[in-house]
Amino acid sequence: MDGVEIVQYDTKRGVVCFGKDKIRAYFAVFLSVFVTDAVSLPVASRFKIIFLSLAGMLLLADTCFLKRRLNDRKFQIWFLMPVLCVLLSQFRNLDFSMSYEYKIALMGIGFFIASQIGYKHFMSVFVNVMFVLAVVSLILFAGVVLGRMFGAEWWKLLPMVPGGDYYTVIFGVVPSYFTVARNYGIFWEPGVFQIYLNFAIWHCLVCSKKTDWKKIVVFGISVLTTLSTTGYICTAAIVFIYLVDKGPKITKHHIWILLMIAAAFLLVAGSETLYSRVFLKFQNGTAGYRSFMIRLKDIQVYFHEWLVSPLTGSGITASYQYAVAEFAREGVFQGFRGSVSTTMREFSGMGGIFGISRVLLQWHYAKVYSKRFLSSILLFLVIMIFLNTEDLIYSAFANTIFYFGILEAGKREKLFQVAAAGPE
């Protein structure tokens, strides 16, 4: 891979000069991928929160005051205004749980990373890291499948993360309890892993200079082993966008992609258990129906709570407690204490102005990193599916990736000229 070039210092924009420093680029990806969403690190979540909060506040101080970011219009509109909305919600609801400061810190880290490292360089490192994680995850997954076949639960010899829910090898995890083997990667759920994999697939197919089919195949197999219905839908949508952007000309690569999708479908359809879990999730009485209903109910609950205070929100803590109470009222949801909706939780907890600003940020990303208007709409829908089937409100990656869209809006044409020029 070419040297990772970090943008040079500009006194008007207040950008720090890092030079050609791969270490900083890899550290940025590590911060975005591992620290919040990964459960593979044997570190207590409280320590992660303290570390990220301090890092975020230090970066914000550097960005705002030392590098004159306060005069940057994009910084004012897309960062300062949402931050003010977050603080307004906190004081309006008298909620001093520090959840708001943690959210601001993650947004600060995200804006700082996006303003210092170009999208192309960030995603190049991200794809390399995800490739390693995908390979490790497939080895672990195969080992678990074979272990269960021969009655050798070898993973129970691995160290456990704090809380005792996962066995870890740092670059991959195995849950301490499961009925069907699924690929978790380094994350708390396969549904989160597929989001990261699909972002990597998107970059490899659409935005990279040269299409790396080896990595795409590995990412695709990894998505397949997550047994995530959402992952299958989003991967299919991304492939469709790629085919639309490439135009009517059919190449051998198109044929190979379609054949691999057909083979994957036949593989899952060949097992009654897998077929029921993946493709019959919307049907009452099937293994995945509860998962589908939890996600649907979560959106409905947070939407109704948002309507109570549409401008400033009900507060992060209050809206979450309301959701937990609503789930507890219905027997099918007994035992669920969490959230699986990012967008509606942000609307409900921090208000409509904040929520709209986040949705617009995601739309800008979809518009900048896709060629056609139809592709932009489809990519935006994929992003909405990502964000409303998993709770990524405190994800460093989700609070970083979408800032690239507004910070690199002027580079759109150049991006696709470079991508189109690369050989396949």
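Note: the structure precedes this text.
This section reports on the structure supplied with the text.

Quick notes on the rules
- Residues numbered from 1 in each chain as written.
- Predicted model: local features only at pLDDT ≥ 70, side-chain atom pairs only at ≥ 80, totals over all residues.
- Heavy atoms only, no water.
- Helix = DSSP H or I, 4+ residues; strand = E, 2+ residues; numbered from the N terminus.
- Buried < 20%, exposed > 50% of the residue type's maximum accessible area, 1.4 Å probe, protein only.
- Contact = heavy atoms within 4.5 Å.
- Core = buried A, V, L, I, M, F, W, Y, C linked by side-chain atoms within 4.5 Å.
- Axes fitted to C-alpha atoms, helices over the stretch in contact; angles between N-to-C directions.
- Parallel < 35°, antiparallel > 145°, perpendicular 65-115°, else oblique.
- Left-handed = near helix turned anticlockwise from the far one by under 90°.
- Nonpolar A, V, L, I, M, F, W, Y, C, P; charged D, E, K, R; others polar.
- Expected span 1.5 Å × (residues − 1).
- Polar contact = N/O pair within 3.5 Å; in protein donor to acceptor, adjacent residues only side chain to side chain.
- Phe/Tyr/Trp six-rings, centres within 6.5 Å; stacked < 30°, edge-to-face > 60°.
- Lys NZ or Arg CZ within 6 Å of the ring centre and 35° of its normal.
- Patch = residues over 30% accessible without salt bridge, like charges linked within 9 Å, V, L, I, M, F, W, Y side chains within 5 Å.
- Areas by Shrake-Rupley, 256 points an atom, 1.4 Å probe, with all protein chains shown as cover.
- Salt bridge = Lys/Arg side-chain N within 4 Å of Asp/Glu carboxyl O.

**So, the overall build of the protein chain**
Part 1: Looking only at helices and strands, the protein chain features 17 helices and 2 strands.
Part 2: Each of the 424 residues in the protein chain was classed as buried or not, and the buried ones make up 55%.
Part 3: Considering only contacts in the protein chain between residues 6 or more positions apart, those separated by 24 or more positions represent 71%.

**Focus on the nonpolar core**
Part 1: Counting 95 residues, the largest nonpolar core has F126, W202, F219, Y365 and I401 as the members making the most contacts within it.
Part 2: Per element, the largest residue contribution to this core is 13 residues, and it comes from helix 6 (residues 190-207).
Part 3: Contacts of I401, omitting those with residues within four sequence positions, involve Y119, F122, M123, F199 and Y365.
Part 4: The next biggest cluster of nonpolar side chains, apart from the first, holds 8 residues, and it includes W155, Y167, F178 and A181.

**Some words on the packing of helix 1 (residues 22-33) against helix 5 (residues 119-149)**
Part 1: Where helix 1 meets helix 5, the axes come as close as 9 Å, and the angle between the chain directions of the two elements is 60°. Judged on the interaxial angle alone, helix 5 and helix 1 are oblique. The handedness of the crossing between helix 1 and helix 5 comes out as right-handed. Counting all contacts with helix 1, which are made through A25, Y26, A28, V29, S32 and V33, the residues of helix 5 involved are F122, V125, F126, N128, V129 and L133.
Part 2: Its residues assigned to classes, the contact of helix 1 with helix 5 comprises 10 nonpolar, 2 polar and no charged.

**Overview of helix 5**
Think of an α-helix as 3.6 residues a turn; residues three or four steps apart then line up on the same face.
Part 1: A rise of 1.5 Å per residue sets the reference length of helix 5, with its 31 residues, at 45 Å; its end C-alpha atoms lie 43 Å apart and thus fit the reference within 8%.
Part 2: Positive phi appears at G151, one or two residues downstream of helix 5, with a value of about 70°.

**A few points about the side chain of K215**
Part 1: In this fold, K215 is placed in helix 7 (residues 213-226).
Part 2: K215 has contacts with V127, N128 and F131, leaving out every residue within four places of it along the chain.

**Focus: the side chain of S319**
Part 1: Note that S319 resides in helix 12 (residues 316-329).
Part 2: Using a relative accessible area of 1% as the deciding quantity, one classes S319 as buried.
Part 3: At a separation of 3.1 Å, a polar atom in the side chain of S319 contacts the main-chain carbonyl oxygen of I316.
Part 4: When sequence neighbours within four positions are dropped, the list of residues in contact with S319 reads Y302, E305, S348 and G349.

**Quick word on the packing of aromatic side chains**
Part 1: Under the defined criterion, the tally for this structure stands at 32 aromatic pairs.
Part 2: On the basis of an interplanar angle of 25° and a centroid distance of 4.5 Å, the ring pair of F187 and Y196 is categorised as stacked.
Part 3: Seen from their ring centres, W306 and F347 are 5.2 Å apart, and the 80° between their planes marks the pair as edge-to-face. Linking W306 in helix 11 (residues 289-308) with F347 in helix 13 (residues 343-350), this pair joins segments that are 41 residues apart in sequence.
Part 4: Exposure remark for F347: the relative accessible area of 9% places this residue in the buried category.
Part 5: Here the basic side chain of K215 rests over the ring of F131, its NZ or CZ set 5.9 Å away from the ring centre.

**Some thoughts on a nonpolar patch on the surface**
Part 1: On the surface, V217, I221, I255, W256, L259 and M260 cluster together to form a nonpolar patch covering roughly 560 Å² of accessible area.
Part 2: Elements supplying a minimum of two residues to the nonpolar patch: helix 7 and helix 9 (252-269).
Part 3: The leading source of residues in the nonpolar patch is helix 9, at 4 residues.
Part 4: Positionally, V217 belongs in helix 7.

**Description of the environment of V132**
Part 1: Relative to the helices and strands, V132 resides in helix 5.
Part 2: Its relative accessible area of 43% is what places V132 among the partly exposed residues.
Part 3: Each C-alpha atom of the pair V132 and K215 lies 9.7 Å from the other, and the pair is 83 residues apart in sequence.

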